[in-house]
Amino acid sequence: MAGGGNAIRGSRVGAGPMGEAERGEAAPRQSVTYFCSNEHRTLIAFAVEATVPDTWDCPRCGLPASMDSDNPPPAPKIEPYKTHLAYVKERRSDAEAKDILNEAIQTLRQRRKSGEVIF
Ligand SMILES: [Zn+2]
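None of these values were measured; they are calculated from a predicted model.

### Quick word on the pairing of strand 1 (residues 29-36)
Pairing analysis gives seven bridges linking strand 1 to strand 2 (residues 41-47), with the strands arranged antiparallel. If you follow Val-32 over to strand 2, its bridge partner there is Ile-44. Joining the antiparallel neighbours strand 1 and strand 2 is a turn of four residues, in which Glu-39 adopts a positive phi near 65 degrees. Taken together, the two bridges between strand 1 and strand 4 (residues 64-66) define a ladder with antiparallel strand orientation.

Okay, here's the thing in C-alpha cells:
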C-alpha cells in the first residue's frame, strides 16, 4: 500500500493542516467513566461541549453502563447474542420446518402436473 497510499496521503497533507489544527490536541476534553453491571469500567473521552449521555453500552459485554458505580443499570432480560443462538438451534432441530418443506414440494409437484408451474 506504499505507492498509492503515499499519493493519497500527500494530497491530504496539502489540504489537511488547517482542519487538523482546528480540532487538534488543544481541544479540551472530559473523561467520563461508565460502570456496567458486570463491573466493567469504561473510560470515554468526550469533547467538553458534547452532551454526555447518562448511559453507555459497555464495549466489553454490551450491557448498558452508567456513571453511578454503585448503581449500574440492570442487565436487560434479552441478551441479543444468546437469543440469536437459541433461535438458530431451535430452527436446526425443528422438525416442523421439514414438514413444511415437504408440503411445499408436494404442492409444487401437483401444480406442475396441472400445468400451473412450468420449469
Ligand atoms: Zn460490561
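### Digging into the sheet that holds strand 2
If you trace the four strands from one edge of the open sheet to the other, you get 2-1-4-3, paired in antiparallel fashion. This sheet does not close on itself; its edge strands, each paired only once, are strand 2 and strand 3 (55-57). Strand after strand, the sheet turns through a mean of 40 degrees between neighbouring axes, direction not considered. Pairing analysis gives three bridges linking strand 3 to strand 4, with the strands arranged antiparallel. Within strand 4, the position partnered with Trp-56 by the bridge is Ala-65.

Rules behind the numbers
- Position numbers for residues start from 1 in each chain and track the written sequence from start to end.
- Given that this is a predicted model, residues contribute local features only at a pLDDT of at least 70 and side-chain atom pairs are listed and counted only at 80 or more, while totals for whole chains, interfaces and linings are drawn from all residues.
- To get the side-chain values, all heavy atoms of the structure are used, and hydrogens and water are removed first.
- Here the rule is simple: two strands pair whenever DSSP picks up at least two bridges between them.
- Per the convention used, a helix needs a DSSP run of H or I reaching at least four residues, while a strand needs a run of E reaching at least two, with both numbered from the N terminus.
- Only C-alpha atoms enter the line fits that serve as axes; for helices the fit covers just the stretch in contact. Angles between N-to-C directions range over 0 to 180 degrees.

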